[in-house]
Amino acid sequence: MPTRRRFLAATAATAAAATFAPTRHVTGQPAPVRIGILLPYTGTYASLGESITDGLKLRLAEAGETVAGRPLEFIQLDSEAAPPKAPQNTRRLVQREQVDILVGPVHSGVALAMAKVLQGQTRPLMIIPNAGANQITRDWCAPNIFRSSFSNWQTSWPCGKIIADDGHKTMIAITWKYAAGEQHATAASDHFESLGGRVVEQIYVPFPDVEFQAHLSEIAAREPDAVFSFFSGGGAVKFVRDYAAAGLKDRIPLYGNGFLTDEGVLPAQGDAAAGIRTSMHWAATLDNPANVRFKPAFSKATGRPANVFAVQGYDTGTMIVRALEAVDGDTDAMDDMIRALEAAEFADSPRGTWRMSAAHNPIQDFYAREVRGGENVILGVSAAALNDPATGCTLV
Ligand code: PHB
């Protein structure tokens, strides 16, 4: 559609949506489905936001010009991974822009702020393509909020066992001080301790600081058997490089959830990442037909290698397609869209087949991985069909 007509159609749809939210406007042309996107495009998580957006748009482009007869329209905002800015951005997308579907965010603190704005509302359909805040699919769970990614607990719990199975008895956890960091460190530590290990210290660095020197000196002085860490994006590049530069790499093995050595940061980490073991729900080396198709398609579209955030964006696109197809494009049929997503099996995902839990979080396999020759080599399945405990979720 030419830009001007597209703009006019969008304006008409917005104006009408305020009163009776039709899926066709007066000219008989299907109105676009309005998809609000709130992701970071600046700061330490910028590359995550870009990858998610590119994965999402790749999947929707593969679906064609329209989905279930309706064109799609994107209203995109930079979250800056800043929780204080999240309520206003969310209200802008939901109230002013009247989006049908809300995609975001990356940062757990932003997710919690967005969920508060949506509390008690039946619209829009929200799909979280990254932020792992456990509460979102536990005691804060809601019928219209889904996650295409993971809970923080899910990604880090398996890593506690990987560390214990490697024979380590003591560990230090180091991460950023905010909801996600705390939940990752706690999940890995709990599992490690349940298997007889001892966590001698949890070190919290203010988000998004990357001044690690003093903390690395402290780790060197305390000499734990192993270190668990959660850092991501720009912070993951810096931490892994600093850890090696401090001479710790060959003295105290470094572990993490897979964000630490995500395929998007591995090239910049170079040799500093060699030997790091992580747990994650995807790896570039995962051999399944959807992944074999996805990786070159993503690289062709973006000029960059695929990474886990791109996969989560891609699967968010699949969820949107499934939801819209289930209701023939009628975005007013929220209950039916919800039912379709709850029942769906995602067999065409680059991460392998996954299902949606009753609490609206993926039930998926996690892999133990080790960086060798600049890639994440899969050592085995660290947790098969892992479901978040969903503690306190009333949907369960
Ligand atoms: C989060 O804040 O939930 C978060 C951010 C980046 C990641 C994973 C989780 O890589």
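The structure displayed is predicted, hence computed values, not measured ones. (Residues numbered from 1 in each chain as written. Predicted model: local features only at pLDDT ≥ 70, side-chain atom pairs only at ≥ 80, totals over all residues. Heavy atoms only, no water.)

Trainee: Can you break down helix H3 (residues 86–96) residue by residue, with the values?
Mentor: Looking only at H3, the buried set comprises Ala86, Asn89, Thr90, Leu93 and Val94. Projected onto a plane normal to the axis of H3, the buried residues spread over an arc of 120° and lie on a single side. Among the exposed residues of H3, those pointing more than 90 degrees away from its buried face are Gln88 and Arg96. On its buried face, H3 is in contact with strand E1 (33–39), strand E3 (70–78), strand E4 (101–103) and helix H4 (108–118). Glutamine 98, located one to two residues past H3, shows a positive phi value of around 50°. (Buried < 20%, exposed > 50% of the residue type's maximum accessible area, 1.4 Å probe, protein only. Helix = DSSP H or I, 4+ residues; strand = E, 2+ residues; numbered from the N terminus. Arc of directions from axis to C-beta. Contact = heavy atoms within 4.5 Å.)

Trainee: Run through the sheet that holds strand E5 (residues 125–128), naming residues and quoting values.
Mentor: Read across the open sheet, the six strands follow the order E2-E3-E1-E4-E5-E6; overall the sheet is mixed. What marks the edges here is a single partner per strand, and that holds for strand E2 (66–67) and strand E6 (145–147). Note: E1 against E3, seven bridges, orientation parallel. Bridge pairing in E3 links leucine 38 to leucine 77. (Pairing = 2+ DSSP bridges.)

Trainee: Describe the site of the ligand, listing the residues and the values that go with them.
Mentor: Taken together, 16 residues lie around the ligand, and Ser108, Gly132, Tyr178, Ser232 and Phe259 are the ones closest in. A distance of 2.6 Å is found between an oxygen atom of the ligand and a side-chain nitrogen or oxygen belonging to serine 108. Tyrosine 178 has a polar side-chain atom sitting 2.5 Å from an oxygen atom of the ligand. About the coverage of the ligand: the protein hides 100% of its 280 Å² of free accessible area. A per-class count over the shell around the ligand returns ten nonpolar, six polar and no charged. (Near = heavy atom within 4 Å. Polar contact = N/O pair within 3.5 Å; in protein donor to acceptor, adjacent residues only side chain to side chain. Areas by Shrake-Rupley, 256 points an atom, 1.4 Å probe, with all protein chains shown as cover. Nonpolar A, V, L, I, M, F, W, Y, C, P; charged D, E, K, R; others polar.)

Trainee: Before we move on, could you go through the side chain of arginine 70 and cite the residues and values that matter?
Mentor: With respect to the helices, strands and loops of the structure, arginine 70 is situated in strand E3. Put simply, arginine 70 is tucked away with no salt bridge, and the nearest opposite charge, on aspartate 100, sits 4.4 Å away. Separated by 3.2 Å, the side chain of arginine 70 and the backbone oxygen of proline 32 make a polar contact. (Lys, Arg positive; Asp, Glu negative; His and termini not counted. Salt bridge = Lys/Arg side-chain N within 4 Å of Asp/Glu carboxyl O.)

Trainee: An account of helix H5 (residues 152–165) is needed here, citing residue identities and associated values.
Mentor: Taking burial as the measure, the 14 residues of H5 include eleven buried ones, the bulk of the element. Buried within H5 are the following residues: Asn152, Trp153, Gln154, Thr155, Ser156, Pro158, Cys159, Gly160, Ile162, Ile163 and Ala164. Residue glycine 167 follows H5 closely and has a positive phi angle near 90°.

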